[in-house]
Amino acid sequence: MTRYINALLVFLMVLSAAAVYDMKYEAEIAAENINKKQAEIVQAHEDISLLKAEWALLTRPARMNDLLDRHRDILNLTPMSSDHIGTLADIPAKPVVPPVGLPVEQSADGSAVLPHIQDDTRRVQ
Amino acid sequence: MKFRFGPFRKSAEPTAVAAGQDFRASARRGAGDTMRGRLILTSACFILVYGSIIGRLVQMGVSLPQESVTLGNAQAAVSAARPDILDRNGEILATDIKFASLYAEPRRVVDPDEATEQLATVFPDLGTDTVRQRLASKQGFIWLKREITPAQQAAVHGLGIPGIGFLTENKRFYPSGRTVAYITGHVNIDNQGIAGIEKYIDDQWLGDLQKAGMASNNLEPIRLSVDLRVQQVLHDEITAAMQRYTAKSSAAVVLNVKTGEVLGMTSAPDYDPMNPAEALDPNNMNRASAAVYEMGSTFKIFATSMALDSGKVKITDTFDATQSLNIGGFTIHDFHGKHRVLTVPEIFIYSSNVGTGREALRVGSEGQQEFLKRLGLMDKVPTELPEIARPILPKRWSDLVTVTVSFGHGIAVSPLSAATAASAVMNGGILIPPTFFPRTEEEARLLGKRVLKQSTSDQMRYLMRLNVLAPGGSGKSADIPGYRIGGKTGTAEKVVNGRYSNDKRFNAFIATFPIDDPQYLVLVVFDEPNPERPGLPATAGMNAGPTAGNIVGRIAPMLNVEPRFDDVDVPLMAAY
């Protein structure tokens, strides 16, 4: 009886030793992965700040100005002046679009085609 | 064996005798004794061996190898990180960029000869005997090459030389370079701020933090009140205008009159903050805040507001400007003489020296000094930038000085100082110290102190607008339809060899907009401008005025100032 118990204990001991070894090994791998990921994060942060700096360099107003001057013929942009700015009040009201399929009135000589507009303009405005 | 176990036997014998046991028993005990002695010896041996192993392990674990100590110091020294500097919209004005640097730990270098030869394949200049000797030395740490490219780093890494490694170093980078140089300032080779806001943040907290070794790489970025787009417009216009008018130098400042925030400040000729050597050239100094000038007729803003605020002069009063003003043995002339009696608004818009002088005389020298002191024109501007010049004041305040100071001669202030005082005149009479960091109107209200009556400020706004609108007004050239600019020119004669020169001028223009509720103030100055074409005058109305107008026309849409074409100030004019 004692012999079996002993054998069992020895077996358990070997098993637990193997388990401990395995755990330790896994922990080492995990620690290594953490280090690797942390290094990657640091590298990514550095890359981000470098890219931000590059973006700032490429979009600096002085450079945009030069690019505008160089490609003036394609872009066709002019500096904004005060008369380019308006308010909502300056925009005319949206014209009323007649619903599709309404009878179309023709002028007397048939040259122009006028859509028939119902008298609900006041409500829209 | 017996001999070696002597002590144990000796101690065992008396017990045996005392017990009085027979021979056999004592013989058996003797054998057990030997056994026990051996056990103790063996365990002692094991304890000794394992004890020393544990001891050594602890020792190795506790003490760091010396090489890594020196390496740690080097890493701490080179990574003096600085926070990013952003403009008010979050655009990067200054940032840190990491560069790899090559170092060696000679103690770990196995074969210095081979290492030198291999390094020479990437860096031919490292193949010298000096490098070989340094690698063969017993030093803990040496720099081989600073700031290498990623390609070079990969090549050296590929060589796989033991004892050679890389450290990342921070280097300051200014994406907008010259455009914001006078605000950001710059750093030295060790990444310490030596000018501008860089120096300010070092003096305030960063220097102490770095000394304590706590400046990590994750410092909060610093946001300034400066708008990079406004700054670009200023830089662009000033640089272009300087060439157009072949001026010696020029500068411009844009202030938010309600908060005291500096939205832009530049000076030309400028320098590249990535090349700090350029900053040492005295020609490249910051003329907007670190230089003082006799501001000329722009000072009439202060003289007129002083006269109106004192209550001794009303806006409806008239002053005799038929003749030149003789005082203290000197004669004061008018540049655009009208030779008649002028009202206060006329004195302002025709920029009459005689009229302004008479207004100042009525207030008196004492009142003038007190007023200028109140507006902060007699002290250094209280702001964050380190490069701030002290004004140059007259030594004695005679009546003559009172008259000349009233039109901006005999007193020299920095353009930033003049802009700050003019903001107080325009914003309703509150003097707010200028700042380079964001500030809200509430904070400004707490900081500001009233220096003028509201009514004086209102009258001054009217005069400034009148100066742009009225026929013959000196600020006409700065008018941009829709933005309701109010402005005042200043053409000062420069002192050459102790005398005021006729052809060397210092021109200035102060513009504020929109005049019905001023939000921003633009000050443009030119040092010794020339006429655009021969035959034209080189007065401020011909150069500083149009430049200020251009600047307002370009920055107003950026600053969300809505253009309006109904002339809001006409009723105000009709009131007088």
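Everything quoted here is computed from the prediction, not taken from an experiment. (Residues numbered from 1 in each chain as written. Chains lettered and ligands numbered in written order. Predicted model: local features only at pLDDT ≥ 70, side-chain atom pairs only at ≥ 80, totals over all residues.)

**Considerations on the overall build of chain A**
In terms of regular secondary structure, chain A is built from four helices and two strands. Start at the N end of chain A and walk to the C end: the helices and strands fall as α-α-α-β-β-α. (Helix = DSSP H or I, 4+ residues; strand = E, 2+ residues; numbered from the N terminus.)

**Structural notes on the interface of chain B and chain A**
By a widespread convention, an interface's size corresponds to the accessible area lost as its parts come together. Contact with chain B, which involves 22 residues of that partner, is made by 17 residues of chain A. Tallied by class, the residues present in the side of chain B that touches chain A amount to 10 nonpolar, six polar and six charged. (Contact = placed C-beta atoms within 7 Å. Nonpolar A, V, L, I, M, F, W, Y, C, P; charged D, E, K, R; others polar.)

**With respect to the pairing of strand β2 (residues 92-104) of chain B**
Residue and element names in this part refer to chain B. Alignment of strand β1 (residues 85-86) against β2, held across two bridges, turns out to be antiparallel. The partner of Leu 86 across the bridge, within β2, is Ile 92. Where β1 hands over to β2, the hairpin turn is made up of five residues, of which Gly 90 adopts a positive phi near 90 degrees. Relative to strand β4 (residues 164-173), β2 is paired through 10 bridges, and the arrangement is antiparallel. The residue bridging Tyr 103 from the neighbouring strand is Gly 165, located in β4. Examined bridge by bridge, β2 and strand β3 (residues 142-148) share four bridges and lie antiparallel to one another. Residue Tyr 103 lies in a different strand from β3, and its bridge partner there is Trp 143. (Pairing = 2+ DSSP bridges.)

**Overview of the environment of A:Pro61**
Within the secondary structure, A:Pro61 is located in helix α2 (residues 61-70). Classification of A:Pro61 as partly exposed rests on a count of 18 C-beta atoms within 10 Å. In this structure, the C-alpha to C-alpha distance between A:Pro61 and A:Thr78, residues 17 residues apart in sequence, is 15 Å. Residues contacting A:Pro61, with those up to four places away along its chain left out, are B:Leu228, B:Arg229 and B:Gln232. (Buried ≥ 20, exposed ≤ 12 C-beta atoms within 10 Å, placed from the backbone.)

**Thoughts on the nonpolar core**
All names here are of chain B. In terms of nonpolar packing, the biggest core is built from 124 residues, with Val 522, Leu 523 and Val 552 touching the most fellow members. With eight residues, the single largest contributor to this core is helix α15 (residues 415-426). Counting residues in hydrophobic clusters, the runner-up holds 14 residues, among them Ala 115, Val 122, Val 131 and Phe 141. (Core = buried A, V, L, I, M, F, W, Y, C linked by C-beta atoms within 7 Å.)

**A closer look at the confidence of the model for chain B**
Residues and elements named next belong to chain B. Residues with a pLDDT of 70 or more make up 89% of chain B, whose mean pLDDT is 85. In the predicted structure, residues 570-576 sits below a pLDDT of 50 and forms four contacts with residues beyond four places in sequence or in another chain. Note on the complex model: pTM 0.76, ipTM 0.70. (pLDDT = per-residue confidence, 0-100.)

**Details of unusual backbone geometry**
Omega for the bond connecting B:Ala268 with B:Pro269 falls within 30 degrees of zero, at 0 degrees, which places this linkage in the cis form. Within the fold, B:Pro269 resides in the loop between β7 (262-268) and α10 (300-310). Here the bond from B:Phe513 into B:Pro514 is cis, since omega is -20 degrees, no more than 30 degrees from zero. With respect to the helices and strands, the residue B:Pro514 is situated in the loop between β15 (499-513) and β16 (520-527). At A:Asn76, a residue that is not glycine, the phi angle is positive and equals roughly 55 degrees. With respect to the helices, strands and loops of the structure, A:Asn76 is situated in the loop between α3 (72-75) and β1 (104-106). Taking the number of C-beta atoms within 10 Å as the measure of exposure, A:Asn76 has 7 and is therefore exposed. Non-glycine residue B:Ser351 carries a positive phi angle of around 50 degrees. Tracing the sequence through the fold places B:Ser351 in the loop between α11 (344-349) and α12 (353-363). The class for B:Ser351 is buried, based on 27 C-beta atoms found within 10 Å.

**Quick notes on helix α13 (residues 365-374) of chain B**
All names here are of chain B. Listing the buried residues of α13 in full gives Gln 368, Phe 371 and Leu 372. Projected down its long axis, α13 carries its buried residues within an arc of 95 degrees, all on one side. Looking at the buried positions of α13, the neighbouring elements they touch are α10, α12 and α14 (399-406). Looking one or two residues beyond α13, the residue adopting positive phi is Gly 376, at roughly 80 degrees. (Arc of directions from axis to C-beta.)

**Focus: the packing of α2(A) against helix α9 (residues 228-244) of chain B**
Interhelical geometry of α2(A) versus α9(B) gives an angle of 60 degrees and a closest axis separation of 9 Å. The angle between α2(A) and α9(B) places the two elements in the oblique class. Seen from α2(A), the contacting residues are A:Pro61, A:Ala62 and A:Asn65; seen from α9(B), they are B:Leu228, B:Arg229, B:Gln232 and B:Asp236. Broken down by class, the residue content of the contact of α2(A) with α9(B) amounts to three nonpolar, two polar and two charged. (Axes fitted to C-alpha atoms, helices over the stretch in contact; angles between N-to-C directions. Parallel < 35°, antiparallel > 145°, perpendicular 65-115°, else oblique.)

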